[in-house]
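# Summary of structural features
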Amino acid sequence: MTSQNYNLNIEKEKTALLSVCSNSVLVIMKFIVGFALGSVSIISEAIHSGMDLLASVIAFFSVRKSGEAPDEEHQFGHGKYESVSGMVEAILILIAAILIINEAVQKILTPSYEPMNPLLMWAGIAVMGISAGVNTFVSTRLMKIAKKTESIALESDAWHLRTDIYTSIGVMTGLFLIWLTGIHLLDSIVAIGVALVIMKAAYDLTMKSYKDLIDFRLSEKEVSRITSIICEHQSEYVNFHGLRTRRAGPEIFIDLHLVLDKDITVEQSHDFTEHLEKDLKLEFPRACITIHVEPNTPEHLLKTNLCNFSE
């Protein structure tokens, strides 16, 4: 493992731990106020944050595991631990949404007309405001490091917290409207709205993790950039073909067939492919690159020049 990757892994672990700590505090605050006030929307937010906490713990251990160097049993590294983590987190989010909807529906079917304590209501509004502020800071940090390290686990955790920001603001608004109108039904309606937002986040995360687990190719933008870098060296080779890509957590895999002049030496071939790999890794530092060299033959003249095609 290079020193750069080691430092990135340490940064990922510290950021994941920050998420665990912040979620732990928010869960305790929300449950205390939610049960004291008897608010299903605050309790639903506490459940939401509880799922976020569990997801943060999973993310912390997955980024630690994915950062381990390849070994005898995992010769291509441990990157897919993050993809599995993302799928587990999505399932947890979905379970949380179902629990919230069930609780909200029960409240609608058996409404309580007991007025909420105004002081506790304002405490609930304050807790939701604090939650939104803390999660704004933590999710921004998570997303920044996720993009920097190409970590799906941290990105998933960031999206969890971003949905928590919106739902916290929604609950805060709902409590304020209850204080103004005295309509307790608003509490359950807001809780169901929170659950629907959570379900959407679960779906998006499931699809992203699923693509990694089934070795789905990289995005069109990423493949286009890889092709562009290869084409920058077009004057030094005849053609290339068979470009394939996939992702495993923060790691990406690129392999291609490179057609070179049949008269060049093995040493020249090696030097050029090594140079090409270095250029690709400037853009994709976590890439594992395999280049199969082929000598130029008449049949290669019939193959499409991908560089001209991309233009």
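You'll find the structure just up there.
On a predicted model such as this, the values are computed, not experimentally measured, just so you know.

With respect to the helices and strands, F137 occurs in helix α4 (residues 118-149). Taking the C-alpha atoms as reference points, F137 and L161, separated by 24 residues in sequence, lie 9.7 Å from one another.

With that settled, consider the side chain of N23. Residue placement: N23 occurs in helix α1 (residues 3-37). Setting aside anything within four residues of it in sequence, one finds N23 in contact with S49, D52, L53, S56, N135 and L161.

The next point concerns the nonpolar core. Membership of the largest hydrophobic core comes to 23 residues, with the highest contact counts inside it found for I42, I100, V171, L175, V194 and I198. Those elements that provide at least two residues to this core are α1, α2 (40-66), α3 (80-109), α4, α5 (152-181) and α6 (185-213). Those residues in contact with V194 that sit more than four places away from it in its chain are S44, E45, H48, I100, T167 and V171. Listed in part, the 21 residues of the second largest apolar core include L218, I229, I252 and F272.

In total, this model carries two aromatic pairs according to the counting rule given. Considering the side-chain rings of F31 and F35, the 5.8 Å spacing of their centres and the 10° angle between planes classify their relative orientation as stacked. One end of the pair is F31 and the other is F35, both in helix α1 and four residues apart, which spans about a single turn. Given the relative accessible area of 27%, F31 is considered partly exposed.

Our focus in this paragraph is the sheet that holds strand β2 (residues 251-260). Here three strands make up an open sheet; going across it, the order is β1-β2-β3 and the pairing mixed. Looking at which strands have only one partner, the edges of the open sheet turn out to be β1 (239-248) and β3 (287-295). Pairwise comparison of adjacent strand axes, ignoring direction, gives a mean angle of 10° for this sheet. Across nine bridges, the pairing between β2 and β3 is parallel. Its bridge partner lying in β3, H257 is registered against H292. Against the sheet, helix α7 (residues 220-231) engages β1 and β2, with an angle of about 140° to β1.

Quick notes on the rules
- Residues numbered from 1 in each chain as written.
- Predicted model: local features only at pLDDT ≥ 70, side-chain atom pairs only at ≥ 80, totals over all residues.
- Heavy atoms only, no water.
- Helix = DSSP H or I, 4+ residues; strand = E, 2+ residues; numbered from the N terminus.
- Contact = heavy atoms within 4.5 Å.
- Core = buried A, V, L, I, M, F, W, Y, C linked by side-chain atoms within 4.5 Å.
- Buried < 20%, exposed > 50% of the residue type's maximum accessible area, 1.4 Å probe, protein only.
- Phe/Tyr/Trp six-rings, centres within 6.5 Å; stacked < 30°, edge-to-face > 60°.
- Pairing = 2+ DSSP bridges.
- Axes fitted to C-alpha atoms, helices over the stretch in contact; angles between N-to-C directions.

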